[in-house]
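# Results of the structural survey
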Amino acid sequence: MVTAAIALAVAACSTEESTQTAQTSVAPTSAGVVTTIPRPTTTAVSTTSSTVAETAPSTAPSSTSPPATTPAPTTTVPPAAPPPNDNFAAVQIGFEQVADVNSPTAIAWRDGDPSMYVTTQEGFISRTTPDGLVPVGDLSGETIELLSGSERGLLGAAFDPRDGRLYVNFTDLDNNTRVWSYEMAEASIVPDSRREILMIEQPGVGHNGGGLLFDADGNLFIGSGDGGGSNGRDAADTSKLLGVIMRITPNLDGDGYTIPTDNPFADGVADRPEVWARGFRNPWSFSIDWPTGDMWIGDVGNDEREEVSVMRGGERGLNFGWPWFEGTNPRRSGAPEGVIPPVFDYPRSDGVAVMGGHVYRGAAFPELEGAYLFADLGGAMWAIGADGVSRLDVDPPTGIVGWGEDPDGELYLLSLYDGVFKLVPENS
């Protein structure tokens, strides 16, 4: 679909301000383990529907949600250090199509259900079955019509591990960001069970982020771009939820959310209490390596650099530099102290829009255990190992717009044109 192809370039071709170029920055990942975050699994799903009245979100700090970054006593063996980059040359990666769908934006799994759930930019939700894709829900009437160059639509999905509700992130008919949740019944959404979790007024028509990710305690991480309306200034405005990754605890009994007490700005003094990290242009794709607690973020650049950043387990409240920096390029003066540089950035000559991936924890590729895999919309794929960053010799699907990870730690690529593909050993 041509319109969708343009749409999910994710601001790669929009130019706000020209800056000088810099050399690619390569930093090996740390082998240390700071914090273990339990991998989420969802509970049994209720099959009764309910109607929820519209209410304003609550931002009161939660006193009942246990800190997601507090490690529980364990005797398990720590995860292996990232593999040496020499391992990557022997890896033969193939791509098996598992869902033939137009313009996919997110995939998710819920506990006890072997289906993969797929969202599309147009607003449709489906799940995989042995007989093909089956419709689950239709939000196409709630989200903005897709026009040429649009980055809007249904952008993210995740299941709450506490009650199995499906959460979606989309741009509404007024171009604003909405996060809603729905009860599931017979593997379909219950339309009249909708809850309004969060609304963000957008200053422009792009850079909306859209990623959703739950931890095992029911805390929801939400990626939000700078909105594309102020040349990056909105990302620096601590009164706004723009250019940030948030962490909230959705209410279990209605609309809205509370603030986890261990959020870095839970008191709301230095920044919005929802903020987990700030200083992003468009953190379209981010993930957590559950054994270490490391959060990896792919932040789509303006017109010079694409960047990958990491927030190690136990870290929070960091500022990753936009709009003062684009990758390692300085853009303007007045940056706050302590800005965190990317672990890797690359020029537009090497790609057009970064698609952040996952640390590999599956079984199909033992040589990749502990390596962080990511890609670019233009087709390049890389792995970060103990010795830095290596480009992989692969031939991925055209138009990579995202990644996914199944409950077994195996990885998937989302292709704008050809659907969803699982990474499998070549010729398997």
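Here's a quick rundown of the structure. These figures come from a predicted structure and were not determined experimentally.

### Structural notes on the packing of aromatic side chains
Considering all chains together, one arrives at 15 aromatic pairs under this definition. A ring pair is formed by Phe170 and Trp180, whose centres lie 4.8 Å apart and whose planes are at 75 degrees; its orientation type is edge-to-face. Pair noted here: Phe170 is in strand S9 (residues 166–171) and Trp180 is in strand S10 (residues 177–182), with a separation of 10 residues, a long-range link. Overall, the relative accessible area of 5% leaves Trp180 in the buried class. Its guanidinium or amino end placed over the ring of Trp180, Arg194 lies 3.9 Å from that ring's centre, counting from NZ or CZ.

### A short note on the sheet that holds strand S8 (residues 154–159)
Read across the sheet, 4 strands follow the order S8-S9-S10-S13 without closing on themselves; strand pairing throughout is antiparallel. Here the strands that pair on one side only, and so sit at the sheet edges, are S8 and strand S13 (195–200). Strand-to-strand twist of the sheet, defined as the mean angle between neighbouring strand axes without regard to direction, takes the value 15 degrees. Bridge count between S9 and S10: 6 bridges; the pairing is antiparallel. Paired with Val168 across the two strands is Trp180, which belongs to S10.

### Looking at the environment of Ile259
Structurally, Ile259 is set in strand S17 (residues 257–260). Spatially, the C-alpha atom of Ile259 lies 7.6 Å from that of Arg247, the residues being 12 residues apart in sequence.

### As for the sheet that holds strand S29 (residues 388–391)
Taken together, 4 strands build an open sheet; the order of strands is S26-S27-S28-S29 and the sheet is antiparallel. Two strands close off the open sheet at either side, each with one partner strand: strand S26 (354–359) and S29. Ignoring which end each strand starts from, the neighbouring axes of this sheet average 25 degrees apart. Note that strand S28 (residues 381–385) and S29 share 4 bridges and pair antiparallel. What sits directly across from Ile384, in S29, is Val389.

### Here's the deal with the pattern of salt bridges
By the definition in use, this model includes 15 salt bridges. Between Glu196 and Arg178 there is a salt bridge, and its shortest N-O distance comes to 3.2 Å. With Glu196 in strand S13 and Arg178 in strand S10, this pair connects stretches of sequence that are 18 residues apart. By relative accessible area, Glu196 is classed as buried at 7%. With its nearest N and O atoms 3.0 Å apart, the salt bridge here joins Arg305 to Asp345. Of this pair, Arg305 sits in strand S21 (residues 305–311) while Asp345 sits in strand S25 (residues 344–347), and the two are 40 residues apart along the sequence. Taking relative accessible area as the criterion, Asp345 reaches 0% and is therefore assigned buried. In the salt-bridge network here, residues are joined through shared partners; they are Asp172, Arg178 and Glu196.

### Looking at the pairing of strand S18 (residues 275–278)
Examined bridge by bridge, strand S16 (residues 244–250) and S18 share 3 bridges and lie antiparallel to one another. Paired with Val244 across the two strands is Arg278, which belongs to S18. When S18 meets strand S22 (residues 318–319), the two strands line up parallel, connected through 2 bridges. The residue of S22 that forms the bridge with Ala277 is Leu318.

Procedures and definitions
- Residues numbered from 1 in each chain as written.
- Predicted model: local features only at pLDDT ≥ 70, side-chain atom pairs only at ≥ 80, totals over all residues.
- Heavy atoms only, no water.
- Phe/Tyr/Trp six-rings, centres within 6.5 Å; stacked < 30°, edge-to-face > 60°.
- Helix = DSSP H or I, 4+ residues; strand = E, 2+ residues; numbered from the N terminus.
- Buried < 20%, exposed > 50% of the residue type's maximum accessible area, 1.4 Å probe, protein only.
- Lys NZ or Arg CZ within 6 Å of the ring centre and 35° of its normal.
- Pairing = 2+ DSSP bridges.
- Axes fitted to C-alpha atoms, helices over the stretch in contact; angles between N-to-C directions.
- Salt bridge = Lys/Arg side-chain N within 4 Å of Asp/Glu carboxyl O.

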